[in-house]
Amino acid sequence: MSTSTLNNWLVSAWLSSPLAGDPPALDGVLGWELSCRLGMKHHKKAGRWTPPEEILDVPIPLAKRTLDGVGVYCCSDPIIPEPMAPEWVDRISKRFESSKMALVVAPDQRKSVMVASGPYKSRFAPERIRAVKRVCWFVRGERKGMNKLLKSVHSIGKHRAIGYGRVWTWSYEPAIEDYSIFANNKGKKVLMKTLPAKVNLENVCGYKKSFGGYRPPYWHPAFQTEVVTPC
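Residues numbered from 1 in each chain as written. Predicted model: local features only at pLDDT ≥ 70, side-chain atom pairs only at ≥ 80, totals over all residues. Heavy atoms only, no water.

> What's the story with the sheet that holds strand β2 (residues 19-20) in this structure? I'm lost.
Whether parallel or antiparallel, the strands of a sheet pair through hydrogen bonds between backbone atoms. Taken together, the three strands give an open sheet; going across it, the order is β2-β6-β5, and neighbouring strands pair in antiparallel fashion. Taken across any chain shown, the strands that pair with only one partner, and hence form the sheet edges, are β2 and β5 (88-94). (Pairing = 2+ DSSP bridges. Helix = DSSP H or I, 4+ residues; strand = E, 2+ residues; numbered from the N terminus.)

Below you can see the structure in the form of structure tokens.
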């Protein structure tokens, strides 16, 4: 990727259905989509048990910076506007009706099914739902490469398979400055991206300490540590 094609962008996912849970990191979305296309090892072939050295970096079209020896993508944490309505809680439910299912199975083929745990366990889990117009990220990257990947991403967030977080279009607006990691606000340097807590943040404000992932794949325990997140 040539540095001459890198520019600062405000990338927006315009939603046509409510967002379930928290919005994702854009570098994670790009990495997942590209790994699907390339058939790389960590596309449905790896898990929490996979050694981190076996997880290859995906060549996503974003710039990368090294801060105190830690490489991070130039991509801010997701930004969402004020919801169009007060947020609410939906219950994501699932139940295996064993007594009714048994009626469609021949008596000599019926067997016991574990419903207290495993794939048939009942659930009635709460999920935070927000009606927002869009989710935004400040990035420094290549617009053409991002659009090639994101045009195939039709939903974001949790419970996408049942209609939440549908994306009807992606937009790219030029940004005046690089706000992907830090931004200036009234002369103060404000954190815009989750970083490991060991990074020197002298003269930086607008963050809190937490625990989680700081680079894709965010779900892998090897990349989860004490972090600082924008607030």
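> Whenever I open this one, the sheet that holds strand β8 (residues 167-174) confuses me. Can you help?
Read across the sheet, three strands follow the order β7-β1-β8 without closing on themselves; strand pairing throughout is antiparallel. Bordering the open sheet on either side are β7 (134-141) and β8, each of which pairs with just one other strand. Each strand of the sheet is rotated relative to its neighbour by a mean of 20 degrees, with strand direction disregarded. Note that strand β1 (residues 7-15) and β8 share seven bridges and pair antiparallel. Its bridge partner being in β8, L10 is matched across the sheet by E173. The strands touched by helix α3 (residues 143-150) are β1, β7 and β8; relative to β8, the strand with the most contacts, the crossing angle is about 175 degrees. (Axes fitted to C-alpha atoms, helices over the stretch in contact; angles between N-to-C directions. Contact = heavy atoms within 4.5 Å.)

> I'm lost on the nonpolar core in this one. Help?
The nonpolar side chains of a soluble globular protein tend to be buried with one another. Judged by nonpolar contacts, the single largest core of 27 residues is most densely connected at V11, W137, L150, I156 and W170. If you look at the next biggest cluster of nonpolar residues, it comprises 17 residues, including A63, V70, F182 and V228. (Core = buried A, V, L, I, M, F, W, Y, C linked by side-chain atoms within 4.5 Å. Buried < 20%, exposed > 50% of the residue type's maximum accessible area, 1.4 Å probe, protein only.)

> So what exactly am I meant to see when it comes to the packing of aromatic side chains here?
Here the distance between the centres and the angle between the planes together describe a pair of aromatic rings. Scanning all chains against the criterion turns up three aromatic pairs. For the ring pair F96 and Y120, a centre distance of 4.8 Å and an interplane angle of 50 degrees mean the geometry is tilted. One end of the pair, F96, is in the loop between β5 and α2 (98-101); the other, Y120, is in the loop between α2 and β6 (123-130), and 24 residues separate them in sequence. Residue Y120 is classed as partly exposed on the basis of its relative accessible area of 40%. (Phe/Tyr/Trp six-rings, centres within 6.5 Å; stacked < 30°, edge-to-face > 60°.)

> Could you clarify how one ought to interpret the packing of helix α1 (residues 26-38) against α3 in this entry?
The description of two packed helices rests on the angle between their axes and on the distance between the axes. At a minimum axis separation of 9 Å, α1 and α3 run at an interaxial angle of 70 degrees. For the element pair α1 / α3, the angle class is roughly perpendicular. Crossing hand, α1 versus α3: left-handed. In this structure, α1 uses L26, V29, L30, E33, L34 and R37 to contact α3, whose residues at the interface are M146, K148, L149 and L150. (Parallel < 35°, antiparallel > 145°, perpendicular 65-115°, else oblique. Left-handed = near helix turned anticlockwise from the far one by under 90°.)

> Would you take a moment to explain a nonpolar patch on the surface for this structure?
Taken together, the side chains of L103, V104 and V105 present a nonpolar region at the surface, about 310 Å² in accessible area. Structurally, V105 can be placed in the loop between α2 and β6. You can call V105 partly exposed: its relative accessible area is 32%. (Patch = residues over 30% accessible without salt bridge, like charges linked within 9 Å, V, L, I, M, F, W, Y side chains within 5 Å. Areas by Shrake-Rupley, 256 points an atom, 1.4 Å probe, with all protein chains shown as cover. Salt bridge = Lys/Arg side-chain N within 4 Å of Asp/Glu carboxyl O.)

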